[in-house]
Each structure stands twice: as structure tokens, then as C-alpha cells.
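What follows is each chain in one-letter form.
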Amino acid sequence: KPKPEPVASPFLEKTSSGQAKAEIYEMKPFSPSSLSLSRKPSEKELIELESASIIQGSIDVGKETKDEKQWKEMKLHVDDLPGILARLSKIKLTALVVGTTSAGFALAPGSFDWFCFLLTFAGTSLASCAANSINQFFEVPFDSNMNRTKNRPLVRGQISPLLAVSFATCCAVPGVALLTWGVNPLTGALGVFNIFLYTCCYTPLKRISIANTWVGAIVGAIPPVMGWTAVTGSLDAGAFLLGGILYSWQFPHFNALSWGLREDYSRGGYCMMSV
């Protein structure tokens, strides 16, 4: 029920105009719903009030969204660096590579030399970290279009490309040196070949042809061969058998995974069988 309009405001009678203005300026603005209407509002006025509040709300949300999308400088803290470098080197994938290398080392004929095993372990880990870091360096513009890879350190700008390349170099040089002079030249040569194959052949081929899966399978098959050659120092039937088993396994493994990621691969422009 609308309230009757007062004849005269007692507030204005008892206070001067200056005091009234000061009091009014200090008060918070009323929302349209809290105002007491002297007459029954029409449907048109209600629609105007609702539309005005909606527009005001959308403007506020637009301002917040605009503020969130503004470019901000990301400062690198020393405490965050180990985690960032671990994601840059794909630490889980590196652990799998080292695991297959260790399996090849354990299955090779000959006595188990712990010192040689540790050198092989360390050299393979560093070589894998270097290859994965260079791979992310090349794929920044394509990773930014994929949900699976859009939060990688280089895509988000958590580290600079120069730091990523420097990290890859600092991993590749001692890693290859450990495999070449600490283990044997054949294992070191396989490590260098695998880094080259992954970064310079498989990575660019992903945007050209589905043959990249066949090349990538070779990259995954070489680590157990490196473990075998670290013990025997030669490429014999056992090394090719281990490599062939892992090479064959990667097709059903990767094709099954890529089927669920086919939309992501399509957005990134990658030529996979699933796309």
C-alpha cells in the first residue's frame, strides 16, 4: 500500500539548507527497490528500473573481466623455480623414460655395475629434460590453443624463452657427457640422436603428417636400447628386441590417448590419426 505523500518535511523545517545538504551528501545512494513510491508504479517504469539495474550489473562485470584480462608482469620467485622447471622438463614423462632405460640396463647380460647404472640414470634424465624443454620452446604458439597444454610455463609466461633454452643447454651438455665418457660412446651417440629426433624431426612433423607417430615411437623405443648398450656396449639382438617391443606398444597406447584429445589436437593444428 503506497504511503501518503507528506505535506511538509519536518527535517527541512528544523535544519538549515547547508546542514541538510551536508547530511544528504553523506548518505549512501538508495537502490531503486528501497525507494518508497508515492504512487503505484506502472509496468513500463518497472521494466526500465530492471533494465537499468541489469545494464549497471553488466557494466560492473565487464569492468572486472577487463581488469582480469589486463597484461600483468609475472615475477619469478626462487621458491617457484624448481616446480616450474619440473613442468618444463615434463618430469613424469622423464621418469617413464628413465624407467624404461633402467629396465633395459637390468635385462642386459652381464654383471650389474651400480656406478655405471647411476651414470646412465643421470645422463638419461638430463637428456630427456633437455629434449622436453626444447620441445615446449618450439610449441608455445600451438600449446596456447589446447586445453591440455595451455598452462605450461612458457605459455603462461612464468619463465622467459631464454631461461628455457639455457636450462635445456645446461641439461643436454652434461647429460651427453655423462653418457659418452662415463658410460660408453655408443650410449652417448644414442642420447644425442634421440634429442635430435625428438626436437628437430618429431616436433615439426606433428603439424605436417600423421607419420609423426611413427617417428615419435622411435624416440620412445631408444631408451631401453640405451640401457642395454650401457651394459654390453653393442647393438645386438637383445637391444633390438627390447626396442621393438616398446616401439610396437606405443601405437595402441598413443592412439587410445589421442582419441580423447582429438578436439585439442585439432585446435592446435596437429596432424594425428585421431584428427
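The rules behind the values
- Along each chain, residues carry numbers from 1 onward, in the same order as the chain's sequence is written.
- The model is predicted, so local features are restricted to residues of pLDDT at least 70 and side-chain atom pairs to those at 80 or more, both for listing and for counting; the totals for chains, interfaces and linings are taken over all residues.
- Heavy atoms from the whole structure form the basis of all side-chain values; hydrogens and water molecules are not counted.
- Under the scheme used here, helices are H or I runs from DSSP no shorter than 4 residues and strands are E runs no shorter than 2 residues, and both carry numbers assigned from the N terminus.
- The contact rule is simple, with two residues in contact once any of their heavy atoms fall within 4.5 Å.
- Accessible surface area values rest on a Shrake-Rupley calculation with a 1.4 Å probe, where residue burial reflects the displayed protein chains alone.
- Aromatic rings from Phe, Tyr and Trp, with only the six-membered ring used for Trp, were paired whenever their centres fell within 6.5 Å, and each pair was classed as stacked if the ring planes differed by under 30 degrees, edge-to-face if by over 60, and tilted otherwise.
- Three exposure classes are used, based on accessible area relative to the maximum for each residue type with a 1.4 Å probe and protein chains only: buried under 20%, partly exposed in between, and exposed over 50%.
- Geometrically, a charge over a ring is one whose NZ (Lys) or CZ (Arg) sits within 6 Å of the ring centre while staying within 35 degrees of the ring normal.
- UniProt positions are given in the numbering used here, feature names are shortened, and annotations may be inferred rather than shown by experiment.
- In this analysis, the expected span of each helix is defined as 1.5 Å times one less than the number of residues it contains.
- What makes a salt bridge here is a side-chain nitrogen of Lys or Arg within 4 Å of a carboxyl oxygen of Asp or Glu, nothing more.
- To obtain each axis, a line is fitted to C-alpha atoms, and for helices this fit is confined to the stretch in contact; angles are then taken between N-to-C directions over 0 to 180 degrees.
- Every angle not falling under 35 degrees, over 145, or within 65 to 115 is termed oblique; those three ranges are roughly parallel, roughly antiparallel and roughly perpendicular.
- Handedness of a helix crossing follows the sense of rotation of the near helix relative to the far helix, less than a right angle counterclockwise being left-handed and clockwise being right-handed.
- When residue character is reported, Ala, Val, Leu, Ile, Met, Phe, Trp, Tyr, Cys and Pro are called nonpolar, Asp, Glu, Lys and Arg charged, and the others, Gly included, polar.

Caption draft 1: The overall build of the protein, seen in detail. A tally of helices and strands in the protein yields 13 helices and zero strands. Moving toward the C terminus, one meets the helices and strands of the protein in the order α-α-α-α-α-α-α-α-α-α-α-α-α. By sequence separation, contacts in the protein at least 24 residues apart represent 70% of the contacts at least 6 residues apart. When the accessible area of the protein is evaluated, it comes to approximately 17400 Å², of which 66% is carbon and sulfur surface.

Caption draft 2: Main features of unusual backbone geometry. In the Ramachandran plot, K90 falls in the positive-phi region, its phi being about 50 degrees despite a non-glycine side chain. Considering the arrangement of structural elements, one finds K90 in the loop between α4 (81-88) and α5 (91-107).

Caption draft 3: Looking closely at the packing of aromatic side chains. Throughout the structure, instances matching the rule amount to 13 aromatic pairs. Taking 5.3 Å as the distance between ring centres and 40 degrees as the angle between the ring planes, the aromatic pair formed by F112 and F117 counts as tilted. Ring geometry for Y247 and F251: centres 5.3 Å apart, planes at 70 degrees, overall edge-to-face. Of this pair, Y247 and F251 both sit in helix α12 (residues 237-260), four residues apart, roughly one helical turn. F251 gets classed as buried once you look at its relative accessible area, which sits at 15%. Grouping aromatic residues by their ring pairs yields a cluster made of F105, F112, W114, F117 and F121. The residue whose ring lies beneath R207 is F142, and the NZ or CZ to ring-centre distance is 3.6 Å.

Caption draft 4: Here's a closer look at the UniProt feature "transmembrane region" (unreviewed entry) in the protein. Taking the numbering used here, the UniProt-annotated feature "transmembrane region" (unreviewed entry) corresponds to residues 93-112, 118-138, 159-180, 186-205, 212-231 and 237-257. The distance from the first to the last C-alpha atom of residues 118-138 is 31 Å, and the span holds 100% helix and 0% strand.

Caption draft 5: Examining helix α9 (residues 161-183) more closely. Taking 1.5 Å of rise per residue, 23 residues should cover 33 Å, and α9 covers 32 Å from first to last C-alpha, within 8% of that figure. Among all positions in α9, only A164, F167, A168, C171, A172, G175, V176, L179, T180 and V183 are buried. Looking at the buried side of α9, the elements it contacts are α4, α6 (114-138), α8 (153-156), α10 (185-205) and α11 (212-232).

Caption draft 6: Region of the structure containing the pattern of salt bridges. Summed over all chains, the structure comprises three salt bridges. The closest approach of N and O atoms between E139 and K206, which form a salt bridge, is 2.9 Å. Of this pair, E139 sits in the loop between α6 and α7 (140-143) while K206 sits in the loop between α10 and α11, and the two are 67 residues apart along the sequence. You'll find E139 and K206 in the same group, each marked buried.

Caption draft 7: Quick peek at the environment of C271. Locating C271 in the fold gives a position in the segment after α13 (262-268). Classification of C271 as partly exposed rests on a relative accessible area of 25%. In the structure, C271 is positioned 62 residues away from S209 in sequence and 5.5 Å away in space, judged by C-alpha atoms. Apart from the residues within four sequence positions on either side, C271 is in contact with K206, R207, I208, S209, I210 and N212.

Caption draft 8: Fine view of the packing of α9 against α10. The interhelical angle for the contact between α9 and α10, taken along N-to-C directions, is 160 degrees, at an axis separation of 6 Å. Here α10 runs roughly antiparallel to α9, going by the angle between their axes. Seen along the crossing, α9 lies across α10 with a hand that is left-handed. Taken together, the residues of α10 that come into contact with α9 (itself represented by V176, L179, T180 and V183) are P185, T187, G188, G191, V192 and I195. Of the residues in the contact of α9 with α10, the class split is six nonpolar, four polar and no charged.

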